[in-house]
Amino acid sequence: MASVTVIGAQWGDEGKGKIVDWLASRADAVVRFQGGHNAGHTLVVGEQVYKLSLLPSGIVTGTLSIIGNGVVLDPWALKAEFDKLTGQGVTINADNFAIADNCPLILPLHRDLDGLREQAAGSGKIGTTGRGIGPAYEDKVGRRAIRVCDLAHLDALDSQLDRLCAHHDALRAGFGQPPVDRAALLADLAEIAPFVLQFAQPVWKRLNKVRKAGARILFEGAQGVLLDVDHGTYPFVTSSNTVSGTAASGSGLGPNATGFVLGIVKAYTTRVGSGPFPTELEDETGQRLGERGHEFGTVTGRKRRCGWFDAVLVRQSCAISGVTGIALTKLDVLDGFDKVKICTGYRLRGKVLDYFPSHAADQAAVEPIYEEMDGWQGTTAGARSWADLPAQAIKYIQRVQELIETPVALVSTSPEREDTILVRDPFVD
Ligand code: GDP
Ligand code: IMO
Ligand code: MG
């Protein structure tokens, strides 16, 4: 298998950015295939910290980086990130960066609607990142979207804008908001268009060409399987399919091109935003996990909710996404705990379940059944080989892979790129 698809197997923030960056130097191209700037991927290389939301994580190693058609693209957010990264010394040009010309755009009116809905929902809110992701995907499937290729034809946009604005003006009126300022929108688009267009192309063509030449492609997922619009904790999900299958449709390659599916799995569980979370710990232990793991959102700065490892959820994610092997991250955060717990099943109204049910009320009502293990003395932080790990930490890893029915391919022991243990090379297997 020459290609690798990286996906989050929990509720996002599993450490996808770190793992993609580590793998990127051995890949010929890195492709984002869904989501948008709701993602926040952190890369730590020596003293430098890079936070990427839209740019594929391969850009930092100079690997060809591609934004696929499955992404929703905010051109102004892209420009801001481009400026930030080039300011940090990263080279981004038309040789190493391309954007699918059929990518739908996120416009200011999408961000407005995201905010208005969340505000109106009060305590029933989803807890979105406020980036306009949901409304932009709605317009894509509603066949109203403005796309990257339209930026080259702004003078011919009238009928498309009629359709888009008719829809949004009605919604905005419902929230007591003025209609879309079409002239301002067009002026803003005209200003940003040249920046975006220098990178725009039919990327399916470029990807198919490099694939035929034997290139190794690294597909970079955003969010996680439990935030998938079909398989996640609906309605507390994002608006895209985050499962591995999206790598093909979101980039313009066939499903036989996506290779080894590497599920990124945190050694415990976190979630940002609202929604069910069976193993959530609202006590000192949860606090300790959050502090040791620095669990604050990369995008919004919100405190992440924390809890024990949930093997039921991860087993389900691995099955749904056909995960070949996992990268177990943040093992070091569990250093120093006397006891660690793993959820192995649920109790729901007197019944035992070995899976996460679909209905929101059932998802909120399940109670975790735990297995307790001894923690480990000593530290895993910074370990770069299996031999560096305490025996009890190895037992924990082995128990995790047994329960999730999926082997461990990588173990990550700190934010730093090189603090990674290779168990099984995903590019070779
Ligand atoms: P992503 O969205 O999946 O890319 O993950 P984020 O970057 O949002 O969050 C993961 C956080 O954990 C980042 O701050 C990483 O630098 C950090 N991180 C990644 N791997 C490890 C690890 O093995 N140990 C520790 N302590 N931190 C890690
Ligand atoms: P990365 O790629 C964690 C969550 C939001 C909210 C829900 C819907 O860094 O793992 P949206 O703005 O997408 O409509 O919000 O999804 N969410 C994430 N949580 N990591 C992410 O990305 C996320 N992207 C969206 O908090 O609960
Ligand atoms: Mg993140």
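Residues numbered from 1 in each chain as written. Chains lettered and ligands numbered in written order. Predicted model: local features only at pLDDT ≥ 70, side-chain atom pairs only at ≥ 80, totals over all residues. Heavy atoms only, no water.

Asker: Hey, could you go over the packing of helix α3 (residues 108-121) against helix α4 (residues 133-141) for me, with residue numbers and the actual values?
Answerer: At a closest axis distance of 7 Å, the pairing of α3 and α4 adopts a crossing angle of 120°. Between α3 and α4, the crossing angle belongs to the class labelled oblique. Considering the relative orientation of α3 and α4, their crossing is right-handed. Here Leu109, His110, Leu113, Asp114 and Arg117 of α3 come into contact with α4, specifically with Ile133, Pro135, Ala136, Glu138 and Asp139. Of the residues belonging to the contact of α3 with α4, the class tally is five nonpolar, one polar and four charged. (Axes fitted to C-alpha atoms, helices over the stretch in contact; angles between N-to-C directions. Helix = DSSP H or I, 4+ residues; strand = E, 2+ residues; numbered from the N terminus. Parallel < 35°, antiparallel > 145°, perpendicular 65-115°, else oblique. Left-handed = near helix turned anticlockwise from the far one by under 90°. Contact = heavy atoms within 4.5 Å. Nonpolar A, V, L, I, M, F, W, Y, C, P; charged D, E, K, R; others polar.)

Asker: Tell me about the coordination of the magnesium ion (ligand 3), residues and numbers included.
Answerer: Looking at the magnesium ion (ligand 3), one finds its protein donor set to be Asp13 (OD) and Gly40 (O), positioned 2.0 to 2.2 Å from the metal centre. Taken as a pair, Asp13 in the loop between β1 (4-8) and α1 (16-24) and Gly40 in the loop between β2 (29-32) and β3 (41-45) lie far apart in primary sequence, 27 residues in all. For Gly40, a relative accessible area of 13% translates into the label buried. (Donors = N, O, S within 2.8 Å, 3.2 Å for Na, K, Ca; no water. Buried < 20%, exposed > 50% of the residue type's maximum accessible area, 1.4 Å probe, protein only.)

Asker: Lay out helix α9 (residues 284-292) with the relevant residues and their values.
Answerer: Within the sequence span of α9, burial applies to Gly286, Leu289 and Gly290. Buried positions in α9, seen along its axis, are confined to an arc of 95° and lie on one side of it. Seen from the buried face of α9, the exposed residues on the opposite side, beyond 90 degrees, are Glu284 and Glu291. Looking at where α9 begins, the residue whose side-chain oxygen comes 3.1 Å from the main-chain nitrogen of Thr285 is Asp283. (Arc of directions from axis to C-beta. Polar contact = N/O pair within 3.5 Å; in protein donor to acceptor, adjacent residues only side chain to side chain.)

Asker: Just give me the short version of the site of ligand 2, but keep the residues and values in it.
Answerer: Residues in close proximity to ligand 2 total 20 residues, the closest being Asp13, Lys16, His41, Thr129 and Thr238. Contact between ligand 2 and Val272: an oxygen atom at 3.2 Å from a main-chain N or O atom of the residue. In the complex, 98% of the free accessible area of ligand 2, which totals 550 Å², lies under the protein chains. Looking at the shell around ligand 2 residue by residue, the classes come out as seven nonpolar, ten polar and three charged. (Near = heavy atom within 4 Å. Areas by Shrake-Rupley, 256 points an atom, 1.4 Å probe, with all protein chains shown as cover.)

Asker: A description of the environment of His294 should follow, citing residues and the corresponding values.
Answerer: By the secondary structure assignment, His294 is in the loop between α9 and β11 (305-307). Since its relative accessible area comes to 62%, His294 is described here as exposed. Spatially, the C-alpha atoms of His294 and Val333 are 9.3 Å apart, while their sequence positions differ by 39 residues.

Asker: Which residues make up the pairing of strand β13 (residues 325-329), and what are the values?
Answerer: Of all five residues in β13, five are buried; the element is thus mostly enclosed. As defined by bridge partners, strand β9 (residues 260-266) adjoins β13 across five bridges and the pair is classed as parallel. Along β13, the bridge assignment pairs Val265 with Leu328. (Pairing = 2+ DSSP bridges.)

Asker: Got a sec to walk through the environment of Cys318? Specific residues and values, please.
Answerer: Considering the arrangement of structural elements, one finds Cys318 in helix α10 (residues 311-320). Note: C-alpha distance between Cys318 and Leu185 (133 residues apart in sequence) is 42 Å. Apart from the residues lying within four places of it in its own chain, the contact partners of Cys318 are Val323, Ile326, Ile404 and Thr406.

Asker: Summarise the domain arrangement of the chain; cite the residues concerned and give the values.
Answerer: Once the domains are mapped, the chain shows domain 1 (4-101 + 200-260), domain 2 (108-196) and domain 3 (265-422). Taking only C-alpha atoms into account, the centre of domain 2 sits 37 Å from that of domain 3. Tallying the contact residues gives six residues for domain 2 and five residues for domain 3. A per-residue breakdown of the area domain 2 buries against domain 3 is headed by Gly127, Thr129 and Arg131, which together make up 68% of the total. If you look at where domain 2 meets domain 3, you find zero salt bridges. For the pair domain 2 and domain 3, the number of links is three residue pairs in polar contact (both at pLDDT 80 or more). Its residues placed into classes, the side of domain 2 that touches domain 3 shows one nonpolar, three polar and two charged. (Domains from an automatic or database assignment. Buried area = accessible area lost by both parts, 1.4 Å probe. Salt bridge = Lys/Arg side-chain N within 4 Å of Asp/Glu carboxyl O.)

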